[in-house]
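These are the residues of each chain, in order.
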Amino acid sequence: MARKLIAGNWKMNLLRPEGTALARDLALRLARTVDPAFDLLICPPATIIAPIADAVQGSGLLVGGQDCHSAQDGAHTGDISARMLADLGCSHVIVGHSERRQDHGEIDLVVAEKAAAAQAEGLVAIICVGETEAERNDGRALQVCSRQIAGSLPQGATAENTVIAYEPVWAIGTGRTPTTADVAEVHAHIRAALGARVPSEAAGIRILYGGSVKPGNAAELLAVPNVDGALVGGASLKADDFWAIAEASVG
Ligand code: PEP
């Protein structure tokens, strides 16, 4: 299995001065680490990707977008294409985050189209799935995740161009996390769902856990079988916390 991927989702936070400073801080830590045993990715808001990508160029710190449109260009006011993200130096883009699914009504088909567009531009698509609290309480967490995998994974998904992030909606930004047994169960289920869709690629596709990952719980979450990294929201806004989570992934 590949190195763990520790990805930071900055969401709609940080302006240019503090965003660039945070990125530089992480890039410096990475540069000082001999042969880091993890991949480190930050996904800043689109407004500051360009200065950040320039500031960390060559450091090994990866930069990604938080969303993209499925079209290459055209009449889509306010949207950003995968091609534009690639042009700035991005290597990854998050698609289908639950906040996009909720706030913008993005359904699985739209997420699959965005992921396909990202992959066509050479970006790695980080496809988010995860159940709501009501769905978990109804015993439907596994079913929801496999349905989202089936609907959101584009044709041509490979271990190189696809990452899955399992993010239970009820754990995002709440300080609550599933038990490690629950995480293990869902990640194994997602691995099996990938096996059904892309048999030859399933073993190599990284499956991240996301939802209230902090320095204090990162080691145990990242040690769960089939957890190949973390997607981190709030704790990715502080260099010390994000770095501690990355270090915890090494075990
Ligand atoms: C997220 O929204 O992707 C996320 C994981 O947020 P947090 O870590 O703040 O729960």
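Residues numbered from 1 in each chain as written. Predicted model: local features only at pLDDT ≥ 70, side-chain atom pairs only at ≥ 80, totals over all residues. Heavy atoms only, no water.

Undergrad: Go over the packing of helix H5 (residues 108-120) against helix H7 (residues 141-152) with me, naming the residues and quoting the values.
TA: Where H5 contacts H7, the axes come no closer than 7 Å and their chain directions differ by 50°. On the basis of their axis angle, the class for H5 and H7 is oblique. On the side of H5, the interface is formed by Asp108, Leu109, Val111, Ala112 and Ala115, while H7 contributes Arg147, Gln148, Gly151 and Ser152. (Axes fitted to C-alpha atoms, helices over the stretch in contact; angles between N-to-C directions. Helix = DSSP H or I, 4+ residues; strand = E, 2+ residues; numbered from the N terminus. Parallel < 35°, antiparallel > 145°, perpendicular 65-115°, else oblique. Contact = heavy atoms within 4.5 Å.)

Undergrad: Describe in detail the pairing of strand S8 (residues 229-232), supporting the description with residues and values.
TA: A two-sided burial pattern is seen for S8, the buried positions comprising Gly229 and Leu231 on one face and Ala230 and Val232 on the other. Here strand S7 (residues 206-210) runs beside S8; their pairing, made up of 2 bridges, is parallel. What sits directly across from Gly210, in S8, is Leu231. Between the parallel elements S7 and S8, the chain passes through helix H9 (residues 215-222) in a crossover that is right-handed. (Buried < 20%, exposed > 50% of the residue type's maximum accessible area, 1.4 Å probe, protein only. Pairing = 2+ DSSP bridges. Right-handed = clockwise from strand over helix to strand, strands pointing away.)

Undergrad: Just give me the short version of the sheet that holds strand S1 (residues 4-9), but keep the residues and values in it.
TA: Spatially, 8 strands are ordered S1-S2-S3-S4-S5-S6-S7-S8 in a closed barrel, and the strand pairing comes out parallel. Geometrically, the sheet is characterised by an average inter-axis angle of 25° between neighbouring strands, direction not taken into account. For strand S6 (residues 162-166) and S7, the ladder comprises 4 bridges, and the chain directions are parallel. Looking at S7, one finds that Ile164 is bridged to Ile207. This element, H7, spans strand S5 (124-129) and S6 of the sheet and lies at about 150° to S5. Helix H10 (residues 239-248) contacts S1, strand S2 (38-43) and S8 of the sheet and is inclined by roughly 150° relative to S2.

Undergrad: Hey, could you go over helix H8 (residues 180-197) for me, with residue numbers and the actual values?
TA: Taking 1.5 Å per residue as the helical rise, H8 with its 18 residues ought to reach 26 Å, and the 26 Å between its terminal C-alpha atoms agrees with that figure. The set of residues buried in H8 consists of Val183, Val186, His187, Ile190, Arg191, Ala193 and Leu194. All buried residues of H8 project into a common sector of 160° when viewed along the axis, lining one side. Exposed positions of H8 whose direction lies more than 90 degrees from the buried face are Ala181 and Ala196. The secondary structure elements touched by the buried residues of H8 are S5, helix H6 (133-137), H7, S6, S7 and H9. (Expected span 1.5 Å × (residues − 1). Arc of directions from axis to C-beta.)

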